[in-house]
Amino acid sequence: MDKIYVLFLALSLLCAAANGSVGTLTGALLEGAGQGITLALSIAGPMCLWCGVSRLMEESGASEKLSRLLSPILSRLFPKAWHDRETRAALSANVSANLLGLGSAATPMGIRAAVRMADGRAEASDELCRLVVLNTASVQLIPATVAGIRAGLGSAAPLDILPAVWVTSFCSVAAGLLAAKVLSRWYS
């Protein structure tokens with residue numbers, strides 16, 4: 001990825017030099033960098049809040065209660081992994097963070113679940129592939145990160161996207177899990 005970024009930057013500089021607009025490019029680069037910092041700071045607060053809530057859920061035992069609530073669905077998606085208490089807790093915390101639209105906060109818990117599910121094997125199991133699909137296409141009930149970005153950019157109603165998020169996230173998860181199921185039968 002670094003090479004691609006450097007290539008685009010070099011091409012932009014060459015084109016700007018050829019067009020005599022290096023000053024315009026430099027101004028745009030500095031403005032974009034400033035906007036990136038502003039955006040990062042505007043979503044840092046909500047992200048820290050939800051990461052803290054996630055940690056409190058683990059400490060208070062709420063994640064164990066949540067795993068019991070999610071048990072009917074997750075035990076069918078991950079029957080082997082569901083027998084291990086730590087994997088079950090990591091899966092539940094990961095899914096709950098994704099339901100809240102906290103992809104970055106869900107990542108450490110997803111990695112913890114994936115490492116436990118991989119158990120040192122070099123080849124990914126069907127359950128591990130389903131976990132990757134579920135994380136990539138996660139169902140989001142409250143898209144907190146996107147709402148934080150929209151609020152940071154001045155949206156008057158940052159959550160007015162909820163119906164579209166619900167429909168697209170449910171469809172993407174269904175399509176992803178169906179594809180994982182079909183491919184697991186095809187390649188087994």
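The shown structure was predicted, so the numbers you read here are calculated from the model rather than taken from an experiment.

Visitor: What is the right way to look at the overall build of the protein in this model?
Guide: Across its full length, the protein holds eight helices and zero strands. Listing every helix and strand of the protein by position from the N terminus yields α-α-α-α-α-α-α-α. In terms of its C-alpha atoms, the protein occupies a principal-axis envelope of roughly 65 × 40 × 30 Å. Put simply, the protein has 188 residues, and 29% of those count as buried. Sequence-distant contacts, at least 24 apart, represent 61% of the contacts inside the protein between residues at least 6 apart. With an accessible surface of roughly 12000 Å², the protein has 69% of that area assigned to carbon and sulfur atoms. Side chains of the protein give 15 positive and 12 negative charges; the mean places of these two sets differ by 7 Å.

Visitor: When you look at the packing of helix α6 (residues 126-136) against helix α8 (residues 162-187) in this model, what are you seeing that I'm missing?
Guide: Axes are the key here: two packed helices are described by the angle between their axes and the distance separating the axes. Remark: α6 packs on α8, axes separated minimally by 9 Å, with the N-to-C direction vectors making an angle of 160 degrees. With respect to α8, the axis of α6 lies roughly antiparallel. Seen from above, α6 lies across α8 with right-handed handedness. Within the contact between the two elements, α6 uses Asp126, Arg130, Val133 and Leu134 and α8 uses Val173, Gly176, Leu177, Ala180 and Ser184. Counted by class, the contact of α6 with α8 contains five nonpolar, two polar and two charged residues.

Visitor: What's the story with the layout of surface pockets in this structure? I'm lost.
Guide: To find the voids left in a structure, one rolls a probe of water-molecule size over its atoms. Of the pockets and cavities examined, the largest pocket occupies roughly 280 Å³. Forming the walls of the largest pocket are 16 residues, and the residues nearest its centre are Ile73, Val95, Leu99, Leu134 and Val139. Secondary-structure elements contributing two or more residues to the lining of the largest pocket are α3 (62-77), α4 (85-99), α6 and α8. Residue classes in the lining of the largest pocket are distributed as 12 nonpolar, four polar and no charged. Its boundaries defined by the atoms lining it, the second largest pocket holds a volume of some 200 Å³. Lys80, Ala81, Asp84, Thr87, Arg116, Met117, Asp119, Arg121, Ser125, Asp126, Glu127 and Arg130 are the residues that line the second largest pocket. When residues of the lining of the second largest pocket are traced back to their parent elements, those giving at least two are α5 (103-118) and α6. Among the elements that take part in the lining of the second largest pocket, α6 stands out by supplying three residues, more than any other.

Here is what the cut-offs are and how they apply
- Residues numbered from 1 in each chain as written.
- Predicted model: local features only at pLDDT ≥ 70, side-chain atom pairs only at ≥ 80, totals over all residues.
- Heavy atoms only, no water.
- Helix = DSSP H or I, 4+ residues; strand = E, 2+ residues; numbered from the N terminus.
- Buried < 20%, exposed > 50% of the residue type's maximum accessible area, 1.4 Å probe, protein only.
- Contact = heavy atoms within 4.5 Å.
- Areas by Shrake-Rupley, 256 points an atom, 1.4 Å probe, with all protein chains shown as cover.
- Lys, Arg positive; Asp, Glu negative; His and termini not counted.
- Charge placed at Lys NZ, Arg CZ, Asp CG, Glu CD.
- Axes fitted to C-alpha atoms, helices over the stretch in contact; angles between N-to-C directions.
- Parallel < 35°, antiparallel > 145°, perpendicular 65-115°, else oblique.
- Left-handed = near helix turned anticlockwise from the far one by under 90°.
- Nonpolar A, V, L, I, M, F, W, Y, C, P; charged D, E, K, R; others polar.
- 1 Å grid on protein atoms, 1.4 Å probe; cavity = no way out; pocket = protein on both sides within 12 Å on 5 of 7 lines; lining within 4 Å.
- Points joined across faces, edges and corners; volume = space filled by probe spheres on them.

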